[in-house]
Amino acid sequence: MYTLSPLACARLSRLPKLPVVWEGDRRPIAHGMLSAFGYDSEVEENDASDCIIWVDGTEGVLRAVSIVPADTGPEAVARTLLQAMEHPQGAMPPARPHKLVVRDREIQFFLRGALQNLDVAIDHTAHLPLIDDIFDSLEQQEMVAEPELPEGWQEILNKLAQDMWDVSPWNELSDHHIITITLNRWELDTLYVSVLGMLGMEYGLLLYRSEESLKKFRETALMKGRSTQQMQQAFLSQDCLFLNFELFEDEEDTPPIALPWMKAAPSAVEPDFGSIHPLEGLRHGLEVEEAAALRVSLTALHKFFSAHERALSKAVFPTLSANYTLPDPLDGSSISVTVATHPQLTQTLEDMDAEVSDDGIAPDLSLFPTFRDDYIPEGALILLTHFPASVLNGWRELRHYYGAEHQPPLVNEVPMVVIQTSRPKAKKLAEQLQSAQAVTAVCFNPGRDPMTGEQFHLGLLQTGDGEFHLFVEFSEEDPEERRIVQNWHKWQDTYGDRCVVMIASGVTGAFRGKPGVRESVAFFETRSRTPADLSLPPLQMTYALDWE
């Protein structure tokens, strides 16, 4: 058994000793209760957890709490106790109690041995009233049920969600193409529907309760210089119902893809329904009236998308309207529902997008070239560096150095992109790039996460066949990653636009991060280009919906 060292005892003995009694206990904790202590229950969901808590029973205040894996030894109880003494929660001063009270005999005996030189009495009791009250309160909160929908409603909603997934409106509509649903029921007049999916980070529908809420969120999402916290607050300030699809991918099945940064089609999807309100925040449980509104809205939208798929796929967003008579899920009465496109609001949102672009012109997505992310092996190490021209000019004589024909010798320093992986994967990558007619350009293009607003620098290799290959993503919000990209541009300004792409092996060996000519598998001499040189607009991630 461990005991406190003399130095630790001396340090703790200097704390003022108060005539108070502290209660301490260790109890299993349900995963849903973790958030009450500031822990992410999703992170811990596969592991049993215990809560260790120390409270001042005399003053009635919490001193310290910690969440530990259930198989952690009793030493964690002592660590939390020392935290309660030296670094208590809140504004309480450091102190040690006159007496400790626990209900677990094993904890009592352990603490008596571990703290034997600290002059603190440690007693046993069958009940700890204050801690019992704390856990009773947490359990009651956990037991508060979300609103229960009538029997069979969840299955109906899931079926409607599956119908929406099958019709896939995001194949034709972007998130600024707005559809209105006029209900005039359940305190909802008109819903403004934004379709998520064409940009690919999320699939689903946002059904805004007001045009104002839609515009306000859009303005914040496009605002330059906003922080992550501002974006999160804007997200929670929306006023909408939502249907999102959670995608589950089979990691063993990753077929080649053909459009921007794209992953394989999901092997399964699961619908997620809920509500966002400025005062309530995000809520997954639906009130029965909200569920009824979603049932009617999804039914009407499915009919509308199925009937007008061809018209909605045209380049110009059309003016369309349709009326449907549907049953009220609550009382069976008939409801007249109008679904219509809203070209005027769509144009307003497009104009907002255009205002934040550098040239004031919104990019035409139909002009996108082909992008791929299936060439670069997973786990590859990406380095941006530069080499003396004298070294590279010597390497130009190697058989696996490409692109030097009819080019003058290199001068000064030469920027280099290094892609280091295992030798088999490096050989395969080099062969793929050769088959694609070698590397003709290196470019860093701006990218954006449409949901969080996070900005990226997307490293692209253009090959001779005209395709672009994503090799790295650098976050604009990460100072180190931003510095790496800035250095690359600085080297280009200093040394010119000539650069080299090196494919190297040895990612797991002694030369990880510092490959030399012995680790090289291929060199591609090329040019660094700007997005304007290559006519590239800002890009956004998406999934490839390939069900074959």
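Residues numbered from 1 in each chain as written. Predicted model: local features only at pLDDT ≥ 70, side-chain atom pairs only at ≥ 80, totals over all residues. Heavy atoms only, no water.

**Description of the pattern of salt bridges**
In this structure the tally under the stated criterion is 22 salt bridges. With its nearest N and O atoms 2.6 Å apart, the salt bridge here joins arginine 27 to aspartate 25. Judged on exposure class, the residue arginine 27 and its partner aspartate 25 are both buried. For arginine 283, the salt bridge goes to glutamate 290, with nearest N and O atoms at 2.9 Å. Summarising the burial analysis for this pair, arginine 283 and glutamate 290 share the class buried. (Salt bridge = Lys/Arg side-chain N within 4 Å of Asp/Glu carboxyl O. Buried < 20%, exposed > 50% of the residue type's maximum accessible area, 1.4 Å probe, protein only.)

**So, unusual backbone geometry**
Comment: phi is negative for the bulk of residues other than glycine, and the bulk of peptide bonds are trans. Even without glycine at this site, glutamate 187 takes up a positive phi of about 60°. Structurally, glutamate 187 is set in the loop between β6 (178–185) and β7 (188–196). Look at asparagine 412: it is not a glycine, yet its phi comes out positive at around 60°. Within the secondary structure, asparagine 412 sits in the loop between β16 (401–402) and β17 (413–420). Taking the relative accessible area as the measure of exposure, asparagine 412 reaches 52% and is therefore exposed. (Helix = DSSP H or I, 4+ residues; strand = E, 2+ residues; numbered from the N terminus.)

**Structural notes on the packing of aromatic side chains**
Using the criterion set out here, one finds 15 aromatic pairs in the structure. On the numbers, 5.2 Å between centres and 65° between planes, the contact of tryptophan 170 with tyrosine 203 is edge-to-face. Residue tryptophan 170 is found in the loop between α5 (153–167) and β6, and its partner tyrosine 203 is found in strand β8 (residues 203–208); the two are separated by 33 residues along the sequence. Exposure class is identical for tryptophan 170 and tyrosine 203. Each is buried. With a centroid separation of 5.9 Å and 70° between ring planes, the pair formed by phenylalanine 444 and phenylalanine 471 is classed as edge-to-face. Residue phenylalanine 444 is located in strand β18 (residues 439–448), and its partner phenylalanine 471 is located in strand β20 (residues 468–475); the two are separated by 27 residues in the primary sequence. Through a chain of ring-to-ring contacts, three or more aromatic side chains come together here, namely Phe444, Phe471, Phe474, Trp488 and Trp491. Its end group placed over the ring of tryptophan 153, arginine 295 keeps NZ or CZ at 4.6 Å from the ring centre. (Phe/Tyr/Trp six-rings, centres within 6.5 Å; stacked < 30°, edge-to-face > 60°. Lys NZ or Arg CZ within 6 Å of the ring centre and 35° of its normal.)

**Thoughts on the pairing of β20**
Most of β20 sits out of view: 7 of its 8 residues are buried. For strand β14 (residues 371–372) and β20, the ladder comprises 2 bridges, and the chain directions are parallel. Within the sheet, the bridge partner assigned to phenylalanine 371 lies in β20 and is phenylalanine 468. Looking at chain direction, strand β19 (residues 455–463) and β20 are connected through 7 bridges and run antiparallel. Paired with glutamine 462 across the two strands is phenylalanine 468, which belongs to β20. Here β19 folds back onto β20 in antiparallel fashion, the turn holding 4 residues, of which glycine 466 has a positive phi close to 90°. (Pairing = 2+ DSSP bridges.)

**Details of the environment of isoleucine 179**
Summarising the element assignment, isoleucine 179 is placed in strand β6. For the pair formed by isoleucine 179 and serine 321, sequence separation is 142 residues and the distance between their alpha carbons is 9.5 Å.

**Comments concerning the sheet that holds strand β22 (residues 520–527)**
Here 5 strands make up an open sheet; going across it, the order is β15-β17-β21-β22-β16 and the pairing mixed. A single partner strand is all that each edge strand has here, and the edge strands are β15 (381–388) and β16. One ladder, built from 8 bridges, connects β15 with β17; its direction is antiparallel. Looking at the pairing, proline 388 lines up with glutamate 413 of β17.

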